[in-house]
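# Coordinates in review
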Amino acid sequence: MIKITLPDGSVREYEKGTTPLQVAQRISEGLARNVLAARVNGEIWDATRPLITDSTVTLLTWNDDQGKSTLWHSSAHLLAEALEALYPGIKFGIGPPIDNGFYYDVDLGDRQLSPEDFKKIEDKVLELARQNNPYLRKEVSKSEAIAYFKEKGDEYKLDLIKDLTDGNITFYQQGQFTDLCKGPHIPSTGFIKAVKVMSIAGAYWRGDEKNKQLTRIYAITFPKDKELKEYLLLLEEAKKRDHRKLGKELELFTFSEKVGMGLPLWLPAGASLRERLVQFMQRAQIKAGYLPVITPHIGHKQLYVTSGHYEKYGADSFQPIKTPQEGEEFFLKPMNCPHHCEIYKSKPRSYKDLPLRLAEFGTVYRYEQHGELHGLTRVRGFTQDDAHLFCRQEQIQEEFCKVIDLVLYVFRALDFTDYTAQISLRDPNNKTKYIGSDENWQKAEEAIILSAKEKGLRTTTVLGEAAFYGPKLDFMVKDAIGRKWQLGTIQVDYNLPERFELEYTGSDNQKHRPVMIHRAPFGSLERFVAVLIEHCAGKFPLWLTPEQVVVLPISEKYNDYAKKVLDLLKNYDIRGLIDDRNEKIGRKIRDTEVKKVPFMLIVGEKEEAENMVSVRKQGDGDVGSMSTESFANLINKEIEEKLATF
RNA sequence: GCCGAAGUAGCUCAGCUGGUAGAGCAGCUGAUUUGUAAUCAGCUGGUCGGGGGUUCGAGUCCCUUCUUCGGCUCCA
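Since this is a predicted model, take the numbers as computed values, not measurements. (Residues numbered from 1 in each chain as written. Chains lettered and ligands numbered in written order. Predicted model: local features only at pLDDT ≥ 70, side-chain atom pairs only at ≥ 80, totals over all residues. Heavy atoms only, no water.)

### Let's talk about the overall build of chain A
Heads up, the condition is: Where helices and strands are cited, they refer to DSSP runs of H or I of at least four residues and of E of at least two residues respectively, numbered from the N terminus. Here's how the labels work: a residue is buried when its accessible area is under 20% of the maximum for its type, exposed when over 50%, partly exposed in between, all with a 1.4 Å probe on protein chains only. Two residues form a contact once any of their heavy atoms are found within 4.5 Å. His residues and chain termini do not enter the charge count, which takes Lys and Arg as positive and Asp and Glu as negative. Here the site of a charge means NZ on Lys, CZ on Arg, CG on Asp, or CD on Glu.
Assigned secondary structure in chain A consists of 20 helices and 33 strands. Once the C-alpha set of chain A is aligned to its principal axes, its extents read approximately 85 × 75 × 60 Å. Considering chain A as a whole, with its 646 residues, one finds that 49% of them fall into the buried category. Long-range contacts, defined as pairs at least 24 residues apart, comprise 69% of the intrachain contacts of chain A with a sequence gap of at least 6. In chain A, the 91 positive side-chain charges and the 95 negative ones have mean positions that sit 1 Å from each other.

Written as structure tokens, this is what we have:
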């Protein structure tokens, strides 16, 4: 008999060789029907793999990320079986689960797949799924494995086997298809109830462009048909929120081939929105003790040689700007930090000056690859809400705490309520690839962990994700439809102070090296605005939105009164317009709704006589009438409450 | 940069196997003076992404180039 510990802490005895699935069955049939895999002593196992020692077992279902990825991984095998049945002789690369579904890389030979084939593939997958074939795990020797795929003529699998160690190789078979795979897998194909082939794309074997290009087939599966339908609805919703589409509709920004790809042009509505974000951050930063600096858009080559960016990125970026002076070269700045380091060096610094917090909305230029450009999220010129905090080692924790406060203030003001923080630390097994002393790293990592804890952040910690120059803390937000985005970042840097030989005089009258912290709560304004647009579907918070109010006169007779109303609103710092077109009120309302303006003030004979406005809220309809002053006070109060928490 | 798909009016899109470009919205003009999500009528607007080729004739077929989209790779 063996002892099985379940997540609730209960311990039960089972016969040796009992499977996690049987454990589930003993608990309830309903649970057993939903078990996709199991976590056994921290490892993910097949639910049908016999337990032979005392174990801690967690049963995984569709509600667990690992349950999902197990189902998707198994689905990849099923997709491969379907493809092999439809297109005999094709060869297989790899077929892993991904964030939303899975893919399989296949070598189709001379065949071309097109979206018209998707339905056929889906039908075949479902047909095979209904056979409810079990996924059978089989341990094989390296020579057996090689023999099998030689026989089958699948050179990609042979390439994979080459790197595996003998005695550690497993096959999984379901139905007519056997694949090299370490697993785990779901018990049988019948768990897969719905499938959608999403797209195809080219992908090099092993991600190397020198290798053959395979066809990558993306698909997603679900244990219930209803979930597929929900997923497709979510995709539609994401399409509606696409910042490129909304940016065009709301006239926030545009691109021009003539100006250059990846170089956004901010239109008046977008530019004023962006300026409001900048002012919002500037106000908060002044409170937090930041000092503004301004640096030019270009810098001498030597600046980037010193910073190390020239060596690392010079060749792959915008090429130097030459001058009439022979041999003189300038670069568009790819980062603000080298300039800020020079500002630090502009005079001798004392420990009393620290922390020194230099802030700049600095526009930087990076030559992103052609295929990588995407709306505002991936551009070649963008503005960071950058700041560099120069401090003493022992000030790191306090500075981190203050930056976290600032980031959380941003999230609150912009209605990002669901976020986590990722702490990226050194790879403890490979300490040599990082710059800075072991002792400092340890202290900095500890400071980050403690400040995240002090601020009550939900965190995940990832070893080996730190930059070579220091550990960092990144914020991940979930938007209104559940997608994850990485936003603010705070990074410790031991490298640049070293390269620029930054110093301060300590209380001991000795020279010391400061630590630098990079931080950008928005990251880049371009990317942040893109995420924000998609998060709020273009319905920006009241304090930020381009127009807060549109005054709608019932007919041209009331344009003068509308003007009076708007003038009064302007005295209250409320942004608005009058729709004085010769249109019916229904039309004006519709057009204003479509522009996602939060409030409409309808004025006609009645309102003019009573000196009132009739208020209509975007999405909610008529909310009654009031005086212009009370309306102005109402919305200003709402804005104040939103922004006053820092 | 690589693979695949696409580029037609300001926007969204139609245009079958080649026969000489069309709709809705927007814009302009006029009528209407309007009460909570589209008033009516008329008009303007396109070297069909650019260049080259095949053809009596190209939006349509071929080549090339640019851009966009979906991926790959990379990201200080």
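What follows picks up the thread again.
### Observations regarding the side chain of Thr-170
Rules: We call two N or O atoms a polar contact when they sit within 3.5 Å, provided that within protein one can donate a hydrogen and the other can accept it, with sequence-adjacent residues counted only if both atoms are side-chain atoms.
If you trace the backbone, Thr-170 turns up in strand E10 (residues 169-174). With relative accessibility at 8%, the residue Thr-170 sits in the buried group. One polar contact links the side chain of Thr-170 to the main-chain carbonyl oxygen of Cys-181, over a distance of 2.5 Å. Residues contacting Thr-170, with those up to four places away along its chain left out, are Arg-137, Lys-138, Glu-139, Asp-179, Leu-180, Cys-181 and Lys-182.

### Here's the deal with the domain arrangement of chain A
Put simply, the rule is: Delimitation of the domains relies on an automatic or database domain assignment.
By domain assignment, chain A separates into domain 1 (2-61), domain 2 (68-239), domain 3 (272-294 + 335-535) and domain 4 (549-642). Using only C-alpha atoms to locate each centre, domain 2 and domain 3 end up separated by 41 Å.

### Considerations on the packing of helix H9 (residues 268-287) against helix H13 (residues 396-413)
Just so we agree on the cut-off: Angles here are taken between N-to-C directions and fall from 0 to 180 degrees, while the axes themselves are lines fitted to C-alpha atoms, restricted in helices to the stretch in contact. The hand of a helix crossing depends on one turn: near helix anticlockwise from the far one by less than a right angle means left-handed, and clockwise means right-handed. The classification used treats Ala, Val, Leu, Ile, Met, Phe, Trp, Tyr, Cys and Pro as nonpolar, Asp, Glu, Lys and Arg as charged, and all other residues, Gly among them, as polar.
Contact geometry of H9 with H13 gives a least axis separation of 11 Å together with a crossing angle of 145 degrees. Crossing of H9 over H13 shows right-handed handedness. From H9, Phe-280, Met-281, Ala-284 and Gln-285 reach across to H13, where they touch Leu-406, Tyr-409, Val-410 and Ala-413. Among the residues forming the contact of H9 with H13, the class breakdown is 7 nonpolar, 1 polar and no charged.

### Examining helix H17 (residues 559-571)
Which entries qualify depends on this criterion: The span expected for a helix works out to 1.5 Å for each residue beyond the first. Working definition: the arc comes from the directions between the helix axis and the C-beta atoms, pointing outward to the latter.
In this model, H17 (13 residues) spans 19 Å end to end at C-alpha, consistent with the 18 Å of a helix rising 1.5 Å per residue. Listed in full, the buried residues belonging to H17 are Asn-559, Tyr-561, Ala-562, Val-565, Leu-566 and Leu-569. An end-on view of H17 places all buried positions within 155 degrees of arc, on one side of the element. Away from its buried face, by an angle of more than 90 degrees, H17 presents the exposed residues Asp-560, Lys-564 and Asn-571. As for H17, its buried residues are in contact with strand E29 (549-553), strand E30 (576-578), strand E31 (599-603), helix H19 (605-610), strand E32 (613-617) and helix H20 (628-643).

### Points about unusual backbone geometry
Note the cis peptide between Leu-354 and Pro-355, where omega equals -5 degrees. Position of Pro-355 among the secondary structure elements: in the loop between helix H12 (337-344) and strand E20 (356-365). Of note, Ala-537 is a non-glycine position whose phi angle comes to about 55 degrees, a positive value. Mapped onto the secondary structure, Ala-537 falls in the loop between helix H16 (525-536) and E29.

### Structural notes on the sheet that holds strand E17 (residues 298-300)
Rule in force here: At least two DSSP bridges between two strands are needed for those strands to be called paired.
Taken in spatial order, the 3 strands of this open sheet run E17-E19-E18, and their pairing is antiparallel. One side of each edge strand has no neighbouring strand; the edge strands of this open sheet are E17 and strand E18 (321-322). With 2 bridges connecting them, E18 and strand E19 (residues 329-332) associate as antiparallel partners. Residue pairing in the sheet places Ile-321 in a bridge with Phe-330 of E19.

### Some remarks on the sheet that holds strand E2 (residues 11-14)
Spatial strand order, E2-E1-E5-E3-E4: 5 strands in an open sheet with mixed pairing. Lying at the two open borders of the sheet, with one neighbouring strand each, are E2 and strand E4 (43-46). Strand-to-strand, the axes of this sheet are offset by a mean angle of 40 degrees, without reference to chain direction. For strand E3 (residues 37-40) and E4, the ladder comprises 4 bridges, and the chain directions are antiparallel. If you follow Ala-37 over to E4, its bridge partner there is Asp-46. Contacting E2, E3, E4 and strand E5 (55-60), helix H1 (residues 20-27) runs over the sheet at an angle of about 75 degrees to E5.

### Details of the nonpolar core
Which entries qualify depends on this criterion: Residues belong to a common nonpolar core when they are buried Ala, Val, Leu, Ile, Met, Phe, Trp, Tyr or Cys residues joined through side-chain atoms within 4.5 Å.
In this structure, Leu-277, Ile-396, Leu-414, Phe-475 and Phe-631 are the most contacted members of the largest nonpolar core, which totals 85 residues. Take this core: its biggest share by element is 11 residues, from H13. Each of two domains, domain 3 (272-294 + 335-535) and domain 4 (549-642), supplies a minimum of three residues to this core. Once residues within four sequence positions are removed from consideration, Leu-277 is found in contact with Leu-414, Phe-522, Leu-525, Phe-528, Val-529, Trp-543 and Leu-544. Grouped together as the second largest cluster of nonpolar side chains are 39 residues, Ala-129, Tyr-135, Val-197 and Ile-217 included.

### Considering the packing of helix H3 (residues 65-86) against helix H4 (residues 118-130)
As a reminder of what qualifies: An angle below 35 degrees is treated as roughly parallel, one above 145 as roughly antiparallel, one from 65 to 115 as roughly perpendicular, and anything else as oblique.
At a minimum axis separation of 9 Å, H3 and H4 run at an interaxial angle of 115 degrees. Between H3 and H4, the angle is such that the two are roughly perpendicular. The element H3 and its partner H4 pack so that their crossing is right-handed. Residues Leu-78, Leu-79, Glu-81, Ala-82, Leu-83, Ala-85 and Leu-86 of H3 touch H4, and the partners they reach there are Lys-120, Ile-121, Lys-124, Val-125, Leu-128 and Ala-129. Of the residues that constitute the contact of H3 with H4, the class distribution is 10 nonpolar, no polar and 3 charged.

### Remarks on the protein's contact with RNA strand B
The condition that has to hold: Being near a molecule or strand, for a residue, means having at least one of its heavy atoms within 4 Å of it.
Lining the immediate environment of RNA strand B, one finds 44 residues, of which Tyr-204, Met-335, Arg-378, Asn-582 and Arg-587 sit closest. Each atom of RNA strand B within 4 Å of the protein was assigned to sugar, phosphate or base; sugar and phosphate come to 50%. Here Glu-607 contributes a side-chain N or O atom positioned 2.4 Å from a base nitrogen of RNA strand B. Side-chain polar atom of Ser-614 to a base oxygen of RNA strand B: 2.5 Å apart, as the coordinates give it. Only strand E12 (194-204), strand E13 (213-222), helix H8 (243-249), helix H11 (309-313), helix H18 (585-594), H19 and E32 provide two or more residues apiece to the surface near RNA strand B.

### Quick word on the pairing of strand E24 (residues 472-478)
The buried fraction of E24 amounts to 5 of the 7 residues, a majority that puts the element mostly inside the structure. As defined by bridge partners, strand E22 (residues 418-425) adjoins E24 across 7 bridges and the pair is classed as antiparallel. What sits directly across from Ala-421, in E24, is Phe-475. Summarising the sheet, E24 and strand E25 (residues 484-493) pair through 6 bridges and their orientation is antiparallel. What sits directly across from Met-476, in E25, is Gln-486. Following E24, the chain reverses through 5 residues before pairing antiparallel with E25; Gly-482 in that reversal takes a positive phi of roughly 85 degrees.

### Overview of the packing of aromatic side chains
Formally: Pairing of aromatic rings covers Phe, Tyr and the six-membered ring of Trp, with a centre-to-centre limit of 6.5 Å; geometry is then stacked below 30 degrees between planes, edge-to-face above 60, and tilted otherwise. Criterion for a charge above a ring: Arg CZ or Lys NZ at most 6 Å from the ring centre, at most 35 degrees from the ring normal.
One pass over the full model with this rule turns up 28 aromatic pairs. Connected via pairs of aromatic rings, a cluster forms that spans Phe-411, Phe-416, Tyr-419, Phe-475, Phe-522 and Phe-528. The positively charged end of Arg-49 is found above the aromatic ring belonging to Trp-45, 4.0 Å away from the centroid.

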